[in-house]
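Analysis of the macromolecular model
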Amino acid sequence: AQKITQTQPGMFVQEKEAVTLDCTYDTSDQSYGLFWYKQPSSGEMIFLIYQGSYDEQNATEGRYSLNFQKARKSANLVISASQLGDSAMYFCAMREVGGSNYKLTFGKGTLLTVNP
Amino acid sequence: DSGVTQTPKHLITATGQRVTLRCSPRSGDLSVYWYQQSLDQGLQFLIQYYNGEERAKGNILERFSAQQFPDLHSELNLSSLELGDSALYFCASSRTLQRGGPYEQYFGPGTRLTVT
């Protein structure tokens, strides 16, 4: 069974600084996908970034990058130049690729607070 | 705006009642997923439909059922409601189920269900 672990219940960062949110995963699958979602206080789930298990380069999307270390089974999210609007809950998720079940398995999340 | 719509946004009902949550996927998306988010269980996958057919089931109670209609909208039916069913229910949609590619899931704004 797939499992996602986010060990940081809460993180604080100063505006304009970079922050890393940790995510480790456990799976016996060779092919899988890793996702990060942002959930602001308003409640919606916003897709941020995706990394495939066979992708050789780390994914980047604007200020978001994914530090993918396959051997360590980690997929940390790096947010550069934090903004006040980045304050939110962040979820790491995994999806099996190639099977018939495309569900996402989520971690418990990290609450990020950006201080001015 | 993810393009996924959910109605109603809020729902307050009493124990023992039955409710129906509605979801319209993004234009062109054939796959619909339902998730439940609660404080104690976190984000959990309930059920997935693809082009009208059930594809996968997660931790969905027998009191809950879902369907996807020919126009691809989906409904989640919750019956014999209990206090513990109070949660935020998300619908998400994604493109096809072809292997490979991110096929990230885009989430609707959610329906907040309160059972009193």
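The following refers to the structure shown. Only a predicted model underlies this, so the values are computations on that prediction, with no experimental measurement involved.

How each quantity is defined
Residues numbered from 1 in each chain as written. Chains lettered and ligands numbered in written order. Predicted model: local features only at pLDDT ≥ 70, side-chain atom pairs only at ≥ 80, totals over all residues. Heavy atoms only, no water. Helix = DSSP H or I, 4+ residues; strand = E, 2+ residues; numbered from the N terminus. Rg over C-alpha atoms; globule rule 2.2 N^0.38 Å. Buried < 20%, exposed > 50% of the residue type's maximum accessible area, 1.4 Å probe, protein only. Contact = heavy atoms within 4.5 Å. Areas by Shrake-Rupley, 256 points an atom, 1.4 Å probe, with all protein chains shown as cover. Lys, Arg positive; Asp, Glu negative; His and termini not counted. Charge placed at Lys NZ, Arg CZ, Asp CG, Glu CD. Phe/Tyr/Trp six-rings, centres within 6.5 Å; stacked < 30°, edge-to-face > 60°. Pairing = 2+ DSSP bridges. Axes fitted to C-alpha atoms, helices over the stretch in contact; angles between N-to-C directions. Salt bridge = Lys/Arg side-chain N within 4 Å of Asp/Glu carboxyl O. Core = buried A, V, L, I, M, F, W, Y, C linked by side-chain atoms within 4.5 Å.

1. Some details on the overall build of chain A
When helices and strands are counted, chain A shows zero helices and twelve strands. The order of helices and strands in chain A, counted from the N terminus, is β-β-β-β-β-β-β-β-β-β-β-β. Relative to its length of 116 residues, chain A is compact, with a C-alpha radius of gyration of 14 Å against a globular reference of 13 Å. C-alpha atoms of chain A, sized along the principal axes, occupy 45 × 30 × 20 Å. Counting across all 116 residues of chain A, residues that qualify as buried make up 49%. Pairs at least 24 apart in sequence give 56% of the contacts found in chain A among residues at least 6 apart. Working note: accessible area of chain A is about 5,500 Å², and carbon and sulfur atoms make up 48% of it. Positive and negative side-chain charges of chain A, numbering 10 and 11 respectively, have mean locations separated by a distance of 5 Å.

2. What about the overall build of chain B?
The helix and strand inventory of chain B stands at zero helices and eleven strands. Along chain B, helices (α) and strands (β) appear in the sequence β-β-β-β-β-β-β-β-β-β-β when read from the amino end. For 116 residues, the compact-globule estimate of 2.2 N^0.38 gives 13 Å, and the C-alpha radius of gyration of chain B, at 14 Å, lies within 12% of that figure. Seen along its three principal axes, the alpha-carbon backbone of chain B occupies a region of about 40 × 30 × 25 Å. In chain B, buried positions account for 50% of the 116 residues. Accessible area of chain B: about 5,600 Å², with a carbon and sulfur share of 46%. Each charge class in chain B can be summarised by its mean position, and for the 10 positive and 11 negative side chains these summaries are 3 Å apart.

3. Quick word on the environment of B:S94
Note on placement: B:S94 falls in strand β9 (residues 87-94). Sequence-distant contacts of B:S94, defined by excluding residues within four places in its chain, comprise B:D29, B:L30, B:S31, B:Y33, B:Y103, B:E104 and B:Q105.

4. Observations concerning the packing of aromatic side chains
Going through the model one piece at a time under the given rule, you end up with 16 aromatic pairs over all chains. Centre to centre, the rings of A:F106 and B:F107 are 6.1 Å apart; their planes meet at 75°, and the pair counts as edge-to-face. Taken together, the positions of A:F106 in strand β11 (residues 105-106) and B:F107 in strand β10 (residues 106-107) put the pair across two chains. Take A:F106: its relative accessible area is 9%, and that puts it in the buried class. On the basis of an interplanar angle of 70° and a centroid distance of 6.5 Å, the ring pair of B:F64 and B:Y89 is categorised as edge-to-face. Linking B:F64 in strand β7 (residues 64-68) with B:Y89 in strand β9, this pair joins segments that are 25 residues apart in sequence. By the burial criterion, B:F64 is buried, and B:Y89 matches it.

5. Things to note about the environment of B:A14
Residue and element names in this part refer to chain B. The residue A14 is located in the loop between β2 (10-13) and β3 (19-24) in this model. Taking the C-alpha atoms as reference points, A14 and Q41, 27 residues apart in sequence, are found 21 Å from one another. Ignoring anything within four residues of it in the chain, the contact list for A14 reads L81, V115 and T116.

6. With respect to the sheet that holds strand β8 (residues 74-78) of chain B
Residues and elements named next belong to chain B. One open sheet holds the four strands; their spatial order is β1-β3-β8-β7, and the pairing between them is antiparallel. Pairing within the sheet leaves two strands with one partner each, and these edge strands are β1 (5-7) and β7. Neighbour-to-neighbour, the strand axes of this sheet turn through a mean angle of 15°, independent of strand direction.

7. Here's the deal with the pattern of salt bridges
Using the criterion set out here, one finds six salt bridges over all chains in the structure. Here A:D26 and A:K73 are joined by a salt bridge, their closest N and O atoms 3.7 Å apart. Residue A:D26 is located in strand β4 (residues 24-26), and its partner A:K73 is located in the loop between β8 (64-69) and β9 (74-79); the two are separated by 47 residues in the primary sequence. The partner of B:D29 in a salt bridge is B:R26, with the nearest N and O atoms 2.8 Å apart. Neither residue differs from the other here; B:D29 and B:R26 are each classed as buried.

8. Quick word on the nonpolar core
Among the nonpolar cores identified, the biggest contains 24 residues, and A:Y25, A:L34, A:W36, A:I49, A:L77, A:Y90 and A:L112 are the most heavily contacted of them. Aside from chain neighbours lying at most four places away, what touches A:L77 is A:V19, A:T20, A:L21, A:W36, A:L48, A:I49, A:Y64, A:S65 and A:Y90. B:Y49, B:F64, B:A66 and B:L76 belong to the second largest nonpolar core, which has 20 residues in total.

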